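Listed here are the chains, written in short residue letters.
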Amino acid sequence: HGAVPAVNSVSSHLQSCEQAMNAYATDRRAFGASLRDFGQIQRHIAESYAEYMAGKTYLYQTALGLDLDAAGNRLDTDGVKLYCTTMGKNVADRAIQVMGGYGYMGEYAVERLWRDAKLLEIGGGTLESHHKNMVRDMSQLDAMP
């Protein structure tokens, strides 16, 4: 069940990333307006927030439902890692896009988050191994939960 703690460890980085992207888009101006007033920037911020909240909900719901004394927890723990890892990298990509060159600088959380999210794709089992595990476990379900 290492997927839940691994994904939870990047949660604060994701929150920092979203906050950094939001603050930068508020403070930075182009063509006489805040970056956050431009539709594409709004899309990046809004999608990042929605995906972060969906991942956080999935993580907490899975953690609350874990029965550590029973087998059969792998479907959702693998699902959490699969979704949250990909989501974390997407949020970091969007933050780098919003922040431009500043997003690549080590002083900002987004550069570190992107590296952390990439590491999560490999550490704790590759995404491909989680795909395989999930499909195998789903084949034994009578109905979708």
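Residues numbered from 1 in each chain as written. Predicted model: local features only at pLDDT ≥ 70, side-chain atom pairs only at ≥ 80, totals over all residues. Heavy atoms only, no water.

Draft legend 1. Examining the overall build of the protein more closely. From N to C terminus, the protein includes five helices and two strands. Of the regular secondary structure in the protein, the N- to C-terminal order runs α-β-β-α-α-α-α. Taken along its principal axes, the extent of the C-alpha atoms in the protein is 60 × 30 × 25 Å. Split into buried and exposed, the 145 residues of the protein put 39% on the buried side. Sequence-distant contacts, at least 24 apart, represent 68% of the contacts inside the protein between residues at least 6 apart. Roughly 8,300 Å² of accessible area belongs to the protein as shown, and the carbon and sulfur atoms make up 56% of that amount. Side chains of the protein carry 14 positive and 17 negative charges; the gap between the two charge centres is 5 Å. (Helix = DSSP H or I, 4+ residues; strand = E, 2+ residues; numbered from the N terminus. Buried < 20%, exposed > 50% of the residue type's maximum accessible area, 1.4 Å probe, protein only. Contact = heavy atoms within 4.5 Å. Areas by Shrake-Rupley, 256 points an atom, 1.4 Å probe, with all protein chains shown as cover. Lys, Arg positive; Asp, Glu negative; His and termini not counted. Charge placed at Lys NZ, Arg CZ, Asp CG, Glu CD.)

Draft legend 2. Up close: the packing of helix H3 (residues 74-99) against helix H4 (residues 109-122). Between H3 and H4, the least distance of the axes is 9 Å, while the angle of their chain directions is 155 degrees. As the angle between them shows, H3 and H4 are arranged roughly antiparallel. Remark: the crossing between H3 and H4 carries left-handed chirality. Between H3 and H4, the residues in contact are Lys81, Thr85, Gly88, Lys89, Ala92, Asp93, Ala95, Ile96 and Met99 and Val110, Leu113, Trp114, Ala117, Lys118, Leu120 and Glu121, respectively. Here the contact of H3 with H4 is built from residues that sort into nine nonpolar, two polar and five charged. (Axes fitted to C-alpha atoms, helices over the stretch in contact; angles between N-to-C directions. Parallel < 35°, antiparallel > 145°, perpendicular 65-115°, else oblique. Left-handed = near helix turned anticlockwise from the far one by under 90°. Nonpolar A, V, L, I, M, F, W, Y, C, P; charged D, E, K, R; others polar.)

Draft legend 3. Seen up close, the side chain of His130. Checked against the element boundaries, His130 lands in helix H5 (residues 127-138). Judged by relative accessible area, His130 falls into the buried class, the value being 5%. A distance of 2.5 Å separates polar atoms of two side chains, one belonging to His130 and the other to Asp78. (Polar contact = N/O pair within 3.5 Å; in protein donor to acceptor, adjacent residues only side chain to side chain.)

Draft legend 4. Layout of a nonpolar patch on the surface. There is a patch of nonpolar side chains on the surface, built from Met138, Leu141 and Met144 and spanning about 280 Å² of accessible area. Its place among the elements puts Leu141 in the segment after H5. (Patch = residues over 30% accessible without salt bridge, like charges linked within 9 Å, V, L, I, M, F, W, Y side chains within 5 Å. Salt bridge = Lys/Arg side-chain N within 4 Å of Asp/Glu carboxyl O.)

Draft legend 5. Layout of the confidence of the model for the protein. Per-residue confidence for the protein averages 84 on the pLDDT scale, and 92% of its residues sit at or above 70. When pLDDT is averaged over each element of the protein, strand E2 (residues 33-34) comes out on top at 94 and helix H1 (residues 3-27) at the bottom at 75. (pLDDT = per-residue confidence, 0-100.)

Draft legend 6. The nonpolar core, seen in detail. Core analysis: the largest hydrophobic core is formed by 22 residues, its most contacted members being Leu14, Cys17, Ala25, Ile41, Met87, Val98 and Val110. Residue assignment for this core shows that the elements contributing at least two residues are H1, helix H2 (39-65), H3 and H4. With nine residues, the top contributor of residues to this core is H3. Beyond its immediate sequence surroundings of up to four residues, Met87 is in contact with Leu14, Glu51, Tyr52 and Gly55. (Core = buried A, V, L, I, M, F, W, Y, C linked by side-chain atoms within 4.5 Å.)

Draft legend 7. Representation of H3 in the model. For H3, spanning 26 residues, the distance from its first C-alpha to its last is 37 Å, which sits close to the expected 38 Å at 1.5 Å a residue. Across the 26 residues of H3, 19 count as buried, placing the element largely inside the fold. Phi for Gly100, located one or two positions after H3, is positive at around 60 degrees. (Expected span 1.5 Å × (residues − 1).)

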